[in-house]
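# An overview of the molecular structure
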There are 2 protein chains.
Amino acid sequence: MSTAGWLTVVGTGPGDPAWLTPESAAVLSQATDLVGYERYVARVAGADQRRHVSDNREEMARARHALDLAAAGARVALVSGGDPGIFAMAAAVWEAIDDQTEPRWSGVAVTVVPAVSAIQAVAARAGAPLGNDFCVISLSDNLKPWSIIEKRVALAAEADFAMAFYNPISRARPWQLGTALEQVAAHREAHTPVVIGTAIGRSDETLTLTDLGRFSAEQADMRTLVIVGASTTRRVQAPDGSERVYTPRYYPAPT
Amino acid sequence: MSTAGWLTVVGTGPGDPAWLTPESAAVLSQATDLVGYERYVARVAGADQRRHVSDNREEMARARHALDLAAAGARVALVSGGDPGIFAMAAAVWEAIDDQTEPRWSGVAVTVVPAVSAIQAVAARAGAPLGNDFCVISLSDNLKPWSIIEKRVALAAEADFAMAFYNPISRARPWQLGTALEQVAAHREAHTPVVIGTAIGRSDETLTLTDLGRFSAEQADMRTLVIVGASTTRRVQAPDGSERVYTPRYYPAPT
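So, a few notes on the structure that sits alongside this text.

About the criteria used
Residues numbered from 1 in each chain as written. Chains lettered and ligands numbered in written order. Predicted model: local features only at pLDDT ≥ 70, side-chain atom pairs only at ≥ 80, totals over all residues. Heavy atoms only, no water. Phe/Tyr/Trp six-rings, centres within 6.5 Å; stacked < 30°, edge-to-face > 60°. Buried < 20%, exposed > 50% of the residue type's maximum accessible area, 1.4 Å probe, protein only. Lys NZ or Arg CZ within 6 Å of the ring centre and 35° of its normal. Contact = heavy atoms within 4.5 Å. Buried area = accessible area lost by both parts, 1.4 Å probe. Salt bridge = Lys/Arg side-chain N within 4 Å of Asp/Glu carboxyl O. Polar contact = N/O pair within 3.5 Å; in protein donor to acceptor, adjacent residues only side chain to side chain. Nonpolar A, V, L, I, M, F, W, Y, C, P; charged D, E, K, R; others polar. Pairing = 2+ DSSP bridges. Helix = DSSP H or I, 4+ residues; strand = E, 2+ residues; numbered from the N terminus. Axes fitted to C-alpha atoms, helices over the stretch in contact; angles between N-to-C directions. Least-squares fit on C-alpha atoms with pLDDT ≥ 70 in both.

### Considerations on the packing of aromatic side chains
One pair of aromatic rings is described through two measures. These are the centre distance and the angle between the planes. A complete count under the given rule lists six aromatic pairs over all chains for this structure. A ring pair is formed by Y37(A) and Y40(A), whose centres lie 5.3 Å apart and whose planes are at 75°; its orientation type is edge-to-face. Classification of Y40(A) as buried rests on a relative accessible area of 16%. Lying across the ring of F161(A), R152(B) places its NZ or CZ 5.8 Å from the centre.

### What to know about the interface of chain A and chain B
On the chain B side, the residues contacting the 76 residues of chain A number 76 residues. For the pairing of chain A and chain B, the buried interface totals around 6400 Å² over both sides, and the portion due to carbon and sulfur atoms is 61%. Joining chain A to chain B, the criterion identifies 10 salt bridges. With a closest N to O distance of 2.5 Å, K144(A) and D133(B) form a salt bridge. Inspection of the chain A/chain B interface yields 39 residue pairs in polar contact (both at pLDDT 80 or more). Taken together, the residues that form the side of chain A that touches chain B break down as 47 nonpolar, 13 polar and 16 charged.

### Re the sheet that holds strand β2 (residues 33-37) of chain B
All names here are of chain B. In space, the five strands of this open sheet follow the order β3-β2-β4-β1-β5, with parallel pairing throughout. Each of the sheet's edge strands pairs with one partner strand only, and the pair in question is β3 (50-54) and β5 (109-112). Strand-to-strand, the axes of this sheet are offset by a mean angle of 20°, without reference to chain direction. With four bridges joining them, strand β1 (residues 6-11) and β5 adopt parallel strand pairing. Bridge pairing in β5 links T8 to T111. Seen against the sheet, helix α4 (residues 89-99) touches β1, β4 (75-80) and β5 and runs at an angle of roughly 150° to β5.

### Section: the relation of the copies chain A and chain B
Each copy of the sequence occupies a distinct position, and chain A is placed on chain B by a rotation of 180° and an axial shift of 0.0 Å, giving an RMSD of 0.0 Å. The superposition of one copy onto the other is thereby described by a two-fold rotation axis. Across chain A, the smallest distance between a C-alpha and the rotation axis is recorded for C135(A), namely 1.9 Å. Here 100% of the contact residues of chain A are again contact residues in chain B; the copies associate through an equivalent surface.

### Observations regarding the sheet that holds strand β11 (residues 224-228) of chain B
One open sheet holds the 10 strands; their spatial order is β10(A)-β9(A)-β11(A)-β8(A)-β7(A)-β7(B)-β8(B)-β11(B)-β9(B)-β10(B), and the pairing between them is mixed. With partners counted over all chains shown, the strands left at the sheet margins are β10 (206-211) of chain A together with β10 (206-211) of chain B, one partner each. With strand direction ignored, the average angle separating the axes of adjacent strands in the sheet is 15°. Direction of pairing for strand β8 (residues 162-166) of chain B relative to β11(B): antiparallel, over a ladder of three bridges. Residue pairing in the sheet places M163(B) in a bridge with V228(B) of β11(B). Strands in contact with helix α5 (residues 118-126) of chain A are β8 (162-166), β9 (193-198), β10 and β11 (224-228) of chain A; relative to β11(A), the strand with the most contacts, it is inclined by about 60°. Helix α5 (residues 118-126) of chain B contacts β8, β9 (193-198), β10 and β11 of chain B of the sheet and is inclined by roughly 60° relative to β11(B).

If you want it as structure tokens, here you go:
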């Protein structure tokens, strides 16, 4: 085909199909080709769509492949979990385009559509821990030096942000989460709420509400996100007797 | 009725109905009563649903009213724009519950469901400016002192986060956005990308890509969100010749 196709970067949301937006569903149904990590593609692929699955660590190669397919006329959905704009494939696509101009990609329409990110699902289950200013940090030091992560965590703790941690732990990165939370603990009380959400939106989801003093990195795995409260974050008993965590919208004036 | 109803805090997403998740749509269709700011309720209400609309500034009263309705047996959807967990009604509901225990609320099931937040829609339109670590700050000093906002902005700038600003400007708060960006400019180059997204997802949406050196607070209004890039955030020309902004997933090692 000589007509350029399109490449749209979509997200499935964090697992529950009820979190897939109608816009993303429409893009997926219009696509001729789905590109992405096998688990995400399998979740959404139709019978007549070409699947191009790859390892989760080959983001740049995957982005270039998706652009090549679109340049050849395909309608390509590049599939992320969660929101493609938050620690996912959207940045990889723009990196690939910025990295090396390929004349054959000329004219391809590249679009990103927003989706629910995993941290929003964890926050909703927990109550409203991100109800005031917060920051979002990936603890993976595969692509950035640990020194910048450590600096960001320390300054965010000093700024009294609630903090959401993506990629908290893996077999190859066993100590980063514990180290980051020790750093936060230097600025916050031991009773500061911590939310540990694992596989939220899937049938085996678990949510644990604990605090900085009792937190252990062994409570997290590769499918976990961790939220650490600000100094103002509070526990509250819900009307049905269950427990939640929220960060009030107000902030006390300094005394 | 003596049986307690339920209260679910939902978000419509930032404007485009194609961003309303199936879960939120199901909650809205099952509700007998919709509570919220008039504009949000009007967007989603069915003909046979009771509407309880209020001014956008009366969050606590609205939360208590929604709890009272649920306690009386209603199935209540409390409607936010965007994600209810991010600068919206979820925190207000937990605040109301924490503030004063009302025995009549006992047994009401209170649930928060996640949704697409406005900043994700702005980021998607712009490219991928939130593709690496970022922070989210409301510039409204209605409920928190300006000193804490200023401290957070300064530390976030030092931490080299990309920054997303909610509630950047209003008639009552004309100078806060300009002051915040001046503070960021003390830490970042004048060519640092700035994204100005107004009414994204609506028919009159506008998106402006500029930089710290050229930014003017007059480019923003009450329906605007502003994203300021990190030092690593870059402009890129899309294959169709249009311009985007993204923050790479990698971060250079300190030299």
